[in-house]
Amino acid sequence: MTEDFGICISAASIWSFMQKETNIKKKLDIVNGREQYDMEAKQLLSDKQILARIMKETVVEFMDYDIEQIMESIEGTPQVGTAMLEPGYSNSITGMNTESVIENENRIFYDVLFKAVTPQKEAIGIIINVEMQNDFHPGYDITERGVYYCSRMISSQNGTEFHENDYNDLKKVYSIWICADTPQYAENTITQFSLEAKSLFGAFPREKLPRYDLLSVIMVCLGRKPSLSANPLCGMLYTIFREELGAKDKEEKLEKDYGLKMTTDLQRKVNQVCNLSEGIYRNAYQNAYQNAYQNAYQDAYEKRDGEKIIELLRRGKTPEEIHEFCNYPMEQIKEVEKKMLVEA
C-alpha cells in the first residue's frame with residue numbers, strides 16, 4: 001500500500017520550517033533596527049541646539065529669547081531615558097531622574113528629560129520632557145498620555161524641588177510630543193493643552209488669580225510636505241526625521257535653512273539616524289518582498305498538494321490514510337474532499 005503514497009512529499013512541513021526560519025530572522029532584523037533608531041533619535045533630540053529650537057517654538061517662557069540664550073538656560077546634560085544608553089554619554093542631572101516609579105504602577109522611562117531656567121532676573125525653573133511618537137493612533141489619545149507624564153513629573157518633585165507642604169516651590173512642567181507620522185488633518189501643526197482659569201460665577205480679578213499654570217502638553221505634528229509649513233520647528237524636525245536625504249544633504253540643509261552648527265557630536269548623531277533609517281527602510285522593503293515571494297511560493301505548494309490529495313482520493317485512499325502517510329493537515333484533506341464532492 002505504501003507505494004501508492006510515493007507521490008507525496010510533506011510540502012507543508014518543509015514550508016512551515018522555511019517560513020518560520022525566514023520570518024523570525026527578518027522580524028528580528030527590523031525590530032533591532034527600530035530599537036537602535038529610536039535610541040539614536042532620542043540622543044539626537046537631546047542635543048541642546050535642537051532642544052533650544054523646540055523650546056523657542058513651544059515653551060512660552062522662552063519664546064522671547066534667542067537660541068544661544070535658551071541653550072545656556074538648559075541645566076546640565078539632558079537625560080535620555082532609554083534602558084540602554086550609548087557608552088560615553090552622561091546621564092546625571094542633579095535632583096532629577098528619568099525613571100518615574102510609583103508603587104503598583106509600571107515604570108516609565110522618559111525619552112528626554114531636563115531642567116531649564118529662564119535668563120531673566122526673576123528666574124523661573126521649568127522641567128521639560130520631550131517624546132518622539134511615531135504612531136499617532138496607539139490605542140489612546142496622545143494628549144492623555146502627555147497629561148499623565150506631566151502629572152508624574154509634578155508628583156516626583158516632592159523631596160527634590162519642594163518638601164512637605166511647600167507647594168509654592170513646584171516647578172512648571174512641559175511634555176512635548178513630536179509626532180512624526182500624522183494624519184493629513186493634523187499635519188504641520190503645533191497645539192498646546194494646558195490649565196486655564198474660567199469663571200463659573202462672578203468675576204475673580206485676573207491680577208489676583210493664584211498660580212495655576214503648572215503643566216502643558218504640546219503636540220508638534222510633522223507633515224509630509226514641509227514647504228507647506230512656515231514654522232521653522234516643523235521644517236527642521238521634518239528634515240531630520242522624515243525627509244529622504246542623505247546625511248550630507250541633511251547636514252547642509254540644517255545648517256543653511258535652520259542655523260544649526262554642525263559640531264562633530266551633532267554630525268555624528270545625524271549620520272547615525274540617517275544610516276539606521278535607511279537600514280530600516282531597506283529591511284522593511286526586503287521583508288515585504290520576501291513575504292510576497294513566500295505567499296506566492298506557499299500558494300504554489302498548496303496547489304500542488306491539493307492535486308496530490310485529489311489523486312490519492314481518486315485511488316480510493318481515505319483522508320485518514322493520506323494524513324498518516326503524507327502528513328498533510330486533516331483540515332486541508334477534508335477541504336479538498338469537500339470541493340471534489342461539490343464539483344462531482
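The residue count restarts for each chain, going from 1 along the sequence in the order it is written. With the structure being a predicted model, the display of local features is reserved for residues of pLDDT at least 70 and the display and counting of side-chain atom pairs for 80 or more, all residues being used for whole-chain, interface and lining totals. Each side-chain value is worked out from all heavy atoms of the structure, with water and hydrogens disregarded.

Caption draft 1: The overall build of the protein, seen in detail. For the protein, the count of helices and strands is 9 helices and 8 strands. Throughout, exposure labels follow a simple rule: accessible area from a 1.4 Å probe, protein chains only, divided by the maximum for the residue type, with under 20% read as buried, over 50% as exposed, and the rest as partly exposed. Here the protein holds 344 residues, and the buried ones make up 42% of them. Residue contacts are counted whenever heavy atoms from the two residues lie within 4.5 Å of one another. Counted over contacts in the protein with a minimum sequence separation of 6, partners at least 24 positions apart contribute 66%. To be clear on the numbers: accessible area is Shrake-Rupley with a 1.4 Å probe, and residue cover counts the displayed protein chains and nothing else. If you sum the accessible surface of the protein, you get close to 20000 Å²; carbon and sulfur atoms cover 51% of it. In DSSP terms, a helix is any run of H or I states spanning at least four residues, a strand is any run of E spanning at least two, and both are numbered starting from the N terminus.

Caption draft 2: Spatial organisation of the pairing of strand β6 (residues 172–179). Within β6, 8 of the 8 residues are buried, which leaves the element mostly enclosed by the surrounding structure. Of the two faces of β6, the one carrying K172, Y174, I176 and I178 and the one carrying V173, S175, W177 and C179 are both buried. Two strands make a pair as long as DSSP finds a minimum of two bridges between them. Bridging between strand β5 (residues 125–133) and β6 involves 8 bridges; their strand directions are parallel. The residue of β6 that forms the bridge with Q133 is C179. Note on handedness: a clockwise path from strand one over the helix to strand two, with the strands aimed away from the viewer, defines a right-handed crossover. Taken together, β5, helix α4 (residues 142–155) and β6 constitute a β-α-β crossover, and its handedness is right-handed. Inspection of the sheet shows β6 paired to strand β8 (residues 215–221) by 7 bridges, in the parallel sense. Bridge pairing in β8 links W177 to M219.

Caption draft 3: Quick look at helix α5 (residues 232–241). Among the 10 residues of α5, 9 are classified as buried, and the element is accordingly described as predominantly covered. For α5, the complete set of buried residues consists of L233, C234, G235, M236, L237, Y238, T239, I240 and F241. N or O atoms closer than or at 3.5 Å make up a polar contact, with two conditions inside protein: a donor-capable atom paired with an acceptor-capable one, and, for residues adjacent in sequence, both atoms drawn from side chains. Backbone nitrogen of L233 and a side-chain oxygen of the N-cap are separated by 2.9 Å at the start of α5; the cap is N231.

Caption draft 4: Examining the sheet that holds strand β1 (residues 79–80) more closely. The mixed open sheet is built from 6 strands, whose spatial order is β1-β4-β5-β6-β8-β7. With one partner strand each, in any of the chains shown, β1 and β7 (189–194) form the two edges of the open sheet. Every angle, taken between N-to-C directions, lies between 0 and 180 degrees, and every axis is a line fitted to C-alpha atoms, over only the stretch in contact when it is a helix. With respect to the sheet, α5 is in contact with β5, β6, β7 and β8, its orientation differing from that of β8 by roughly 60°.

Caption draft 5: Highlighting the pairing of β8. Among the 7 residues that make up β8, 7 are buried, leaving the element largely enclosed by the rest of the structure. Side chains L215, V217, M219 and C221 of β8 all project onto a buried face; the interleaved residues S216, I218 and V220 project onto the opposite face, where all are buried too. Where β7 and β8 come together, 6 bridges link them in antiparallel fashion. Following the sheet pairing, T189 is matched in β8 by C221.

Caption draft 6: Main features of the pattern of salt bridges. A pair is scored as a salt bridge if a Lys or Arg side-chain nitrogen falls within 4 Å of a carboxyl oxygen belonging to Asp or Glu. Scanning the model with the defined rule gives 11 salt bridges in all. With a closest N to O distance of 3.2 Å, K171 and E161 form a salt bridge. Highlighted residues: K171 in the loop between α4 and β6 and E161 in the loop between α4 and β6, separated in sequence by 10 residues. Relative accessible area serves as the criterion here: at 18%, K171 is assigned to the buried category. Residue classification places E161 among the buried residues on the basis of a relative accessible area of 14%. With a shortest N-O distance of 2.7 Å, R315 and E311 are connected by a salt bridge. Looking at R315, the relative accessible area reads 42%, which means it is partly exposed. With a relative accessible area of 34%, E311 lands in the partly exposed category. Members of the salt-bridge network, linked through shared partners, are D47, D265, R268 and K269.

Caption draft 7: Molecular detail of α4. Here, expected helix span is obtained from the residue count minus one, scaled by 1.5 Å. Relative to the 20 Å expected for 14 residues at 1.5 Å per residue, α4 spans 20 Å between its end C-alpha atoms, a close match to the ideal helical length. For α4, every residue scored as buried is listed here: I142, T143, G146, Y149, C150, R152, M153 and I154.

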